[in-house]
Amino acid sequence: MPDSRQLRQEARKIRDTVKMPQIIGYKIRGKERDEVLHEMADYLADMGMVKSTYGQSVINRENEFPTGICTEPNAVAIPHCERDGVLKTAILVGQPGKEGITFERIDADKEYVNAKAIFMLAVDTDQGQLEVISRLMDVIQNEKVIQGIIDAKTCEDIKEIVTNAFENASTC
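Everything in this summary refers to the structure shown in the same document. Being a predicted model, the structure only gives us computed values, none of them experimental.

Our next topic: the nonpolar core. A general trend in soluble globular proteins is that nonpolar side chains are found buried together. Counting residues in hydrophobic clusters, the biggest one holds 26 residues, and the most contacted among them are Met 40, Leu 44, Tyr 54, Leu 92, Phe 103, Ile 118 and Met 120. Within the residue set of this core, elements represented by two or more residues are strand E1 (22–27), helix H2 (33–46), helix H3 (54–64), strand E3 (75–77), strand E4 (90–95), strand E5 (101–104) and strand E6 (112–122). In this structure, Ala 117, Val 132, Val 139 and Ala 152 belong to the second largest nonpolar core, which totals 23 residues.

This paragraph deals with the pattern of salt bridges. Considering all chains together, one arrives at four salt bridges under this definition. A salt bridge links Arg 33 to Asp 34; the shortest N-O distance between them is 2.6 Å. You can call Arg 33 buried: its relative accessible area is 15%. Within the structure, one salt-bridge network assembled from shared partners comprises Arg 105, Asp 107 and Glu 111.

Closest axis-to-axis distance for the H2/H3 pair is 8 Å, and the angle between their directions is 140 degrees. When the interaxial angle is binned, H2 and H3 end up oblique. Classified by chirality, the crossing of H3 by H2 is right-handed. Touching Arg 33, Asp 34, Leu 37, His 38 and Ala 41 of H2 are Tyr 54, Gly 55, Gln 56, Val 58, Ile 59, Glu 62 and Asn 63, all from H3. Of the residues belonging to the contact of H2 with H3, the class tally is five nonpolar, four polar and three charged.

A separate point is the pairing of E4. Along a regular strand, successive side chains alternate from one face of the sheet to the other. Taking burial as the measure, the six residues of E4 include six buried ones, the bulk of the element. Burial of the side chains of E4 extends over both faces: Ala 90, Leu 92 and Gly 94 are buried on one face and Ile 91, Val 93 and Gln 95 on the other. Relative to E4, E1 runs parallel, the two being bridged by six bridges. Bridge pairing in E4 links Gln 22 to Ala 90.

The rules we used
Residue positions within a chain follow its written sequence, with the count starting from 1. Residue-level local features of this predicted model are given only where pLDDT is at least 70; pairs of side-chain atoms are given and counted only at 80 or more, and the full residue set underlies all totals for whole chains, interfaces and linings. The basis for every side-chain value is the complete set of non-hydrogen atoms in the structure, without hydrogens or water. Among buried residues, the Ala, Val, Leu, Ile, Met, Phe, Trp, Tyr and Cys ones that are joined through side-chain atoms within 4.5 Å form a nonpolar core. Each residue is assigned to one of three classes by its accessible area relative to the maximum for its type, calculated with a 1.4 Å probe on protein chains only: buried under 20%, partly exposed between the two thresholds, exposed over 50%. Here a strand is any run of E in DSSP of at least two residues, a helix any run of H or I of at least four, and the numbering for each starts at the N terminus. Between Lys or Arg on one side and Asp or Glu on the other, a salt bridge is scored when a side-chain nitrogen of the former is within 4 Å of a carboxyl oxygen of the latter. Every angle, taken between N-to-C directions, lies between 0 and 180 degrees, and every axis is a line fitted to C-alpha atoms, over only the stretch in contact when it is a helix. An angle below 35 degrees is read as roughly parallel, one above 145 as roughly antiparallel, one from 65 to 115 as roughly perpendicular, and any other as oblique. Two helices cross in a left-handed way if the nearer one is turned anticlockwise from the farther one by less than a right angle. They cross in a right-handed way if the turn is clockwise. Whether two residues touch is decided by their heavy atoms; if any such pair falls within 4.5 Å, the residues are in contact. Residues are sorted three ways: Asp, Glu, Lys and Arg are charged, Ala, Val, Leu, Ile, Met, Phe, Trp, Tyr, Cys and Pro are nonpolar, and all the rest, Gly among them, are polar. Strand pairing is defined by DSSP finding a minimum of two bridges between the two strands.

Laid out in structure tokens, this is it:
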């Protein structure tokens, strides 16, 4: 049973995560889903955000619980896994090539989307993950935000677009 100090620390982590997770823009080099998930997870690991095992954990979860979302006019994916491999909370926003990356749909068995924006979540609390996903759902439903990610020239542009959208997303 956690003591009151541990509970306060966990509550502070959740509050800080929901307030504003670190958002990082990233230009994806890979072409296939698993290659891209490893690439993105390795980037987060190099930054000290996740453990080196995070990529395989994300792939394992993605195989069981797909995260491709058929948003119009451009699909997205939100790969993530349990917090065990997370050291610091972050959202790595990946911009793949024009053709996107194929992900199985979250809502339909054996149906696929070509994700044009990939939001890899690394959240260090379970409640924080639910809150971040909830706010991210507002973000991904904004066509201008997704198109902005697709058209962004730099990683800094991606970060700025998503940070602004996340700050304006509903917290309910």
